[in-house]
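# Coordinates in review
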Amino acid sequence: MDKEKAVGETAICSVGEGHGLRYRGYSIQELSQSANFEEVAYLLLYGDLPDRAQLYRFQQLFANSVILPQSIKAMLEMLPKTVHPMNILRTVCSLLGTVEPEYAVGAEPELAIRTIGVSITALAYWHHFHLTGKRLIASFKQQLIAEYVLTVLHQTTVDESWVWALNIALILYAEHEFNASTYAARVTVSTESDFYSGIVSAIGTLKGPLHGGANEAAMTLISAFKTPEAAKKGILKRLSNHEKIMGFGHRVYKNGDPRSPIIKSVAHQLTQRLGKTRLFDVAEAIEETMETEKQLKTNLDFYSAIVFHCLGIKTDFFTPIFVFSRITGWSAHIMEQRQHNRLIRPLAKYVGPKNRAFVPMNER
Ligand code: COA
């Protein structure tokens, strides 16, 4: 990508061919291999990796953040059970910003942690209330946020390998420079609007299948095929109909998404462990066909779909998991935008009709 055409500067994340994906200078390969999501969240929100005391304080804040306000619980019980969970999250964040408005300059990291805790817990509350009628009582006893997400959604303890896998996915999804949803958040706060309005704009933008919604669409695609042969045939047919294949292509990475090999390896290990190798073989057949036919490579969303599926997560909860993680990146960008704020107001080239004379109603 031509960095001369960049629309702004950032010190949070570097993307692009050549130098790889880095969060505040740390490579995504190293972070996903060695860090916990909490450390990465801290890095994005506060600028540096935490020491033990800072991490402990972060965990304390997170533990407090999972307690839902009464008004959010009441609203979750009223919202229909059939709507897409992304609409639930968008509404929850909007209500959170109404009942707990932004209270101080510089409070964004704490607001971000609160928003992550509320989002995860609210989605689980809504899900279980409509499934069983039970009102979830949230408490954060687990050490890792990945473990909390899985146990609160499944209402049972989960295997260590599941926590390991989700932890990596959360790290990979946490931040990605000026992608559409992050830019939407920056545009919103560039008007001096509040933190929560920025997050709500971002959630609405992430929802679409060309952005965060691609992981759900990729799962629907992969599940449509029983064998690698059927997958190849089905993809060829879709391509001949000029259909887009979700989970492939990227605006920035034209030679492959650096997150893809990492998540593919996680998907491979999980499918082996769970005896779901057919699913992985089907996905690989789709990948090979896309490479041969279109020279298009997978993006993060493709193999993430398999990972989330293996973790027992319902397909329409895939993009919400992306939200839980990306709130960190969005919040870091909201802070950065505010530090050097100038209203984001692009210009358009006008291509419509010129100089028309007004015609009164009775002459039209
Ligand atoms: N399936 C089929 N064809 C695709 C494709 C896909 N996933 N992605 C791109 N193409 C095709 C385009 O149709 C276009 O073909 P054409 O030149 O014959 O018109 C060509 O590849 C170039 O693509 P382009 O539309 O310029 O790429 P972009 O940078 O504008 O779009 C995406 C990037 C991500 C929006 C696009 O690749 C896409 O829609 N992917 C699927 C959704 C997805 O996975 N989103 C998550 C992104 S992280």
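Above: the structure in question.
Conventions and cut-offs
- Within each chain, residues carry numbers counting from 1 in the order of the written sequence.
- Totals for whole chains, interfaces and linings use all residues, but because this is a predicted model, local features are given only for residues with pLDDT of at least 70 and pairs of side-chain atoms are given and counted only at 80 or more.
- By convention in this description, side-chain values take in all heavy atoms of the structure and omit both hydrogens and water.
- Consider each residue's heavy atoms; a residue with any of them within 4 Å of a molecule or strand counts as near.
- For the purposes of these results, a polar contact is taken to be a pair of N or O atoms within 3.5 Å, where, inside protein, one atom must be able to donate a hydrogen and its partner to accept one; residues adjacent in sequence count only when each atom of the pair is a side-chain atom.
- Here the term charged refers only to Asp, Glu, Lys and Arg, the term nonpolar to Ala, Val, Leu, Ile, Met, Phe, Trp, Tyr, Cys and Pro, and the term polar to all other amino acids, Gly among them.
- Starting at the N terminus, helices and strands are each numbered in turn, a helix being any DSSP run of H or I of at least four residues and a strand any DSSP run of E of at least two.
- Every helix has an expected span of 1.5 Å times one less than the residues it contains.
- The buried label goes to any residue with under 20% of its type's maximum accessible area, the exposed label to any with over 50%, and the partly exposed label to all in between, with areas taken from a 1.4 Å probe on protein chains only.
- Along the arc lie the directions from the helix axis toward the C-beta atoms.
- Whether two residues touch is decided by their heavy atoms; if any such pair falls within 4.5 Å, the residues are in contact.
- The pairing criterion is simple: DSSP has to find at least two bridges between the two strands.
- The criterion for an aromatic pair is that two Phe, Tyr or Trp rings (for Trp, the six-membered ring) have centres within 6.5 Å, with stacked assigned to planes under 30 degrees apart, edge-to-face to planes over 60 apart and tilted to the rest.
- Side-chain atoms within 4.5 Å are what join buried Ala, Val, Leu, Ile, Met, Phe, Trp, Tyr and Cys residues into a set we call a nonpolar core.

## Regarding the site of the ligand
Lining the immediate environment of the ligand, one finds 19 residues, of which Lys244, Ile245, Gly247, Phe248 and Arg251 sit closest. Within the backbone of Ile245, a nitrogen or oxygen atom sits 2.7 Å from a nitrogen atom of the ligand. Asn299 is positioned with one of its side-chain polar atoms (N or O) 2.9 Å from an oxygen atom of the ligand. Of the residues assigned to the shell around the ligand, the class counts are 8 nonpolar, 5 polar and 6 charged.

## So, helix α3 (residues 52-65)
In a regular helix each residue adds 1.5 Å, so 14 residues correspond to 20 Å; α3 covers 20 Å between its end C-alpha atoms and thus fits that length. The set of residues buried in α3 consists of Phe58, Gln59, Leu61, Phe62 and Ser65. One side of α3 holds all its buried residues, which, seen down the axis, span an arc of 160°. Structural note: α3 exposes Arg52, Ala53, Tyr56 and Asn64 on the side pointing more than 90 degrees away from its buried face. Buried positions along α3 lie against α2 (37-46), α6 (108-132) and α7 (145-154).

## Details of the sheet that holds strand β1 (residues 13-14)
If you walk across this open sheet you meet the 3 strands as β1-β2-β3, and the pairing is antiparallel. Looking at the sheet topology across the chains shown, the edges are occupied by β1 and β3 (26-27). When strand β2 (residues 22-23) meets β3, the two strands line up antiparallel, connected through 2 bridges. Bridge pairing links Tyr23 to Tyr26 in β3.

## Side note on the packing of aromatic side chains
By the definition in use, this model includes 15 aromatic pairs. Here the aromatic rings of Phe62 and Phe140 are separated by 4.8 Å at their centres, their planes lie at 80°, and the arrangement is edge-to-face. Taken together, the residues Phe62 in helix α3 and Phe140 in the loop between α6 and α7 connect sequence positions 78 residues apart. A relative accessible area of 1% places Phe62 in the buried class. Between Trp126 and Phe317, the aromatic rings sit 6.5 Å apart at their centres with planes inclined by 25°, giving stacked as the arrangement.

## A few points about the environment of Ala218
One can find Ala218 in helix α11 (residues 214-223). Between the C-alpha atom of Ala218 and that of Ser27, which follows or precedes it by 191 residues, the distance is 26 Å. Excluding anything up to four places from it in sequence, Ala218 contacts Met246, Asp301, Phe302 and Ala305.

## Some thoughts on the nonpolar core
Here is a general trend for soluble globular proteins: nonpolar side chains tend to be buried in one another's company. Ranked by size, the top nonpolar core spans 120 residues in total, and within it Tyr23, Leu76, Leu166 and Ile286 carry the most contacts. Considering each element in turn, this core owes the most residues, 12 residues, to α6.

## So, the side chain of Asn299
Its place among the elements puts Asn299 in the loop between α14 (277-294) and α15 (300-310). For Asn299, a relative accessible area of 9% puts it in the buried group.

## Things to note about unusual backbone geometry
Its identity as a non-glycine residue notwithstanding, Arg24 has a phi of 45°, on the positive side. Considering the arrangement of structural elements, one finds Arg24 in the loop between β2 and β3. A residue is classified by how much of its surface remains accessible, and Arg24, at 25% relative accessible area, is partly exposed. One non-glycine residue, Asn355, lies in the positive phi region at around 45°. With respect to the helices and strands, Asn355 occurs in the segment after α16 (318-339). Under the relative-accessibility criterion, Asn355 is labelled exposed at 80%.

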